[in-house]
Amino acid sequence: MDHLGWGSAHVVGASMGGMIAQTMAIEHPERVRSLVSIMSTTGQRWTGLPTVKAFGVLFSKRPTDREAFIQRGVNTFRVIGSPGYPFDEQRVREVAGRSYDRGQSAAGVARQLHAITASGDRTEGLERVDLPATVIHGNRDPLVRPSGGRATAAAIRGARLKLIDGMGHDLPRELYPVFAEEIEAAAARAEGGVEGVGQPA
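Right, let's walk through the structure included here. (Residues numbered from 1 in each chain as written. Predicted model: local features only at pLDDT ≥ 70, side-chain atom pairs only at ≥ 80, totals over all residues. Heavy atoms only, no water.)

Where strand 1 (residues 9-14) lies against strand 2 (residues 32-38), six bridges are found, and the strand directions are parallel. When the sheet's bridge partners are listed, Val11 is paired in strand 2 with Leu35. For the handedness criterion, the β-α-β arrangement of strand 1, helix 1 (residues 16-27) and strand 2 is classed as right-handed. (Pairing = 2+ DSSP bridges. Helix = DSSP H or I, 4+ residues; strand = E, 2+ residues; numbered from the N terminus. Right-handed = clockwise from strand over helix to strand, strands pointing away.)

Right, dumping it as structure tokens:
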């Protein structure tokens, strides 16, 4: 944001990105005009914990060859994806292949997981957040279970909770209009409405 010359922005984050967005709102509230936290949690130790099956795919051995890596991506999203929406295997294979080609690192994944656990419980900080906020969560999310979204919405004063039936830990294309509507509505609740979304403030 500093590089772009933006004083503030409407901030949206999903999964670990939701945790980062929450941290921005806590530590730099003057920079966040509205907040949308998607399929994320507060960091409270016993909230939003994965199911045993989701834990299994999360910590399964990472293959080194491209085809096995792609198949692992398919297997993973068959477990954590949205059971209420069609599974787009071709899309998952395409994204997994691009990820492999870009570069994959088991150590990098471990660092991401450690960053999540090391960030701690944000509940107390979220209780101080005073800006338009929406929390979106799937009611079938096995990786960050819905209790994570409920706890996030409960912690932020005046936050809107949008639980989506049949949504897991992914962003189905069929729900893009819903996501866009919720993000726009959160921005509209901010001072000045949606005028200037994505523009320096």
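Since there are 3.6 residues in each turn of an α-helix, residues three or four apart along the chain are aligned in direction. Taking 1.5 Å of rise per residue, the 13 residues of helix 5 (residues 106-118) would be expected to cover 18 Å, and the 18 Å separating its terminal C-alpha atoms lies within 8% of that figure. Of the residues flanking the start of helix 5, the one acting as N-cap is Ser105, its side-chain oxygen 3.3 Å from the backbone nitrogen of Ala107. (Expected span 1.5 Å × (residues − 1). Polar contact = N/O pair within 3.5 Å; in protein donor to acceptor, adjacent residues only side chain to side chain.)

This brings us to the packing of aromatic side chains. For any pair of aromatic rings, geometry is given as the distance between the ring centres together with the angle between the planes. For the structure on display, the rule yields two aromatic pairs. The interplanar angle of 20° and the centroid separation of 5.8 Å between the aromatic rings of Phe55 and Phe59 together place this pair among those described as stacked. (Phe/Tyr/Trp six-rings, centres within 6.5 Å; stacked < 30°, edge-to-face > 60°.)

The sheet built from four strands is open, its strands ordered 1-2-3-4 with parallel pairing. Looking at strand neighbours, the two that pair on one side only are strand 1 and strand 4 (160-164), the edges of this open sheet. Direction aside, the axes of adjacent strands within the sheet are offset by 15° on average. Strand direction decides the pairing type here: strand 2 and strand 3 (residues 133-138), joined by four bridges, are parallel. If you follow Leu35 over to strand 3, its bridge partner there is Ala133. Against the sheet, helix 1 contacts strand 1 and strand 2, and its axis sits at roughly 145° relative to strand 1. Sheet contacts for helix 7 (residues 146-155): strand 2, strand 3 and strand 4; angle to strand 3, the most-contacted strand, approximately 170°. (Axes fitted to C-alpha atoms, helices over the stretch in contact; angles between N-to-C directions. Contact = heavy atoms within 4.5 Å.)

Coordinates in, geometry out; function isn't part of it.
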